[in-house]
Every structure is written in C-alpha cells, then in structure tokens.
Amino acid sequence: MQQNPQKKSKGKRKIEMKYIENKVHRRDTFYKRKSGVMQKVHELSVLTGNDILLVMKSDSGNIFSYATPSFQSMFS
C-alpha cells in the first residue's frame, strides 16, 4: 500500500497534554472532545450495566451532563 504524497491532514497523532492558552482553541477542543467523552461514558454504561453520572462545565459556564436512567430524576 503506497502513501499518497498529496495527503493534506497529518492523521491521528499524539498531542502533548498541557493547558491550551489560546481561548478559541481551548473552546474548540472542549466541544470536539465533549462528544467523544459522552460516547465513551454511554458505551461504558451499556457494556458494564453500571449507573453513571457525568457533569461537565465549559469555560463559558455551560453545563453538560450524561446520566443513566437511575440518575435522570436529578436533572428533571
């Protein structure tokens, strides 16, 4: 299999885990990774049958949560 020399993206790569100083980049990274975290939490709940409650707060103060049915009453 030959690599395409015209490839524009760098593909999947490791990034250094450090605080993102640029506010716009930090916000974009939060929103991109938020959906991935929510998906993983859901998968963990389904695979293990455990009750899970996840609450995240963005820099702007928005609250995001994931809760299995046993925790739903806390957010209604």
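Before going into details, it helps to say that this report is about the structure given with it.

What counts as what
- Numbering of residues starts from 1 in each chain and follows the order in which that chain's sequence is written.
- pLDDT decides what is reported in this predicted model: residues at 70 or higher carry local features, side-chain atom pairs at 80 or more are listed and counted, and totals for whole chains, interfaces and linings draw on all residues regardless.
- The side-chain quantities take in all heavy atoms of the structure and omit both hydrogens and water.
- Secondary structure elements are defined from DSSP: runs of H or I of at least 4 residues count as helices, runs of E of at least 2 residues count as strands, and each element is numbered from the N terminus.
- Classification of residues uses two cut-offs on accessible area relative to the type maximum, computed with a 1.4 Å probe and protein chains only: under 20% is buried, over 50% is exposed, and between them is partly exposed.
- Note on contacts: a residue pair is in contact if any heavy atoms of the two residues lie within 4.5 Å.
- Areas reported here follow the Shrake-Rupley algorithm with a probe of radius 1.4 Å; residue values treat only the protein chains shown as occluding.
- Side-chain atoms within 4.5 Å link the members of a nonpolar core, which is a set of buried Ala, Val, Leu, Ile, Met, Phe, Trp, Tyr and Cys residues.
- The pocket and cavity definitions rest on a 1 Å grid over protein atoms only: a 1.4 Å probe that fits but cannot leave marks a cavity, an open set with protein on both sides within 12 Å along at least five of seven lines marks a pocket, and residues lining either have an atom within 4 Å of a point.
- Grid points are joined across faces, edges and corners, and a volume is the space filled by probe spheres set on the points.
- Residues were grouped as follows: Ala, Val, Leu, Ile, Met, Phe, Trp, Tyr, Cys and Pro as nonpolar; Asp, Glu, Lys and Arg as charged; and all remaining residues, including Gly, as polar.
- The term salt bridge refers to a side-chain nitrogen of Lys or Arg lying within 4 Å of a carboxyl oxygen of Asp or Glu.

**Quick look at the overall build of the chain**
When helices and strands are counted, the chain shows 1 helix and 2 strands. Going residue by residue from the N terminus, the α and β elements of the chain occur as α-β-β. When burial is assessed residue by residue, the chain has 17% of its 76 residues classed as buried. Long-range pairs, those at least 24 residues apart, make up 26% of the contacts in the chain between residues at least 6 apart in sequence. Element-wise, carbon and sulfur atoms account for 54% of the exposed surface of the chain, whose accessible area totals about 7100 Å².

**What to know about the nonpolar core**
By size, the foremost hydrophobic cluster in this structure holds 7 residues: Met38, Val41, Ile52, Leu54, Met56, Phe64 and Tyr66. Going through the elements one at a time, helix H1 (23-48), strand E1 (53-57) and strand E2 (63-67) are the ones with two or more residues in this core. Phe64 has contacts with Phe30, Tyr31, Lys34, Met38, Leu54, Val55, Met56 and Ser58, leaving out every residue within four places of it along the chain.

**A word on the layout of surface pockets**
The space that makes up the largest pocket amounts to roughly 250 Å³. Lining the largest pocket, in full, are Lys12, Arg13, Lys14, Ile15, Met17 and Arg33. The residue makeup of the lining of the largest pocket, split by class, is 2 nonpolar, no polar and 4 charged.

**Digging into the pattern of salt bridges**
Tallying each qualifying case throughout the model produces 2 salt bridges. Two residues, Asp59 and Arg26, come together in a salt bridge whose shortest N-O distance is 2.8 Å. Here Arg26 lies in helix H1 and Asp59 lies in the loop between E1 and E2, a separation of 33 residues in the sequence. We classify Arg26 as buried; its relative accessible area is 17%. Of the charged contacts, one joins Arg27 and Asp28 as a salt bridge, the two residues approaching to 3.3 Å between their closest N and O atoms.

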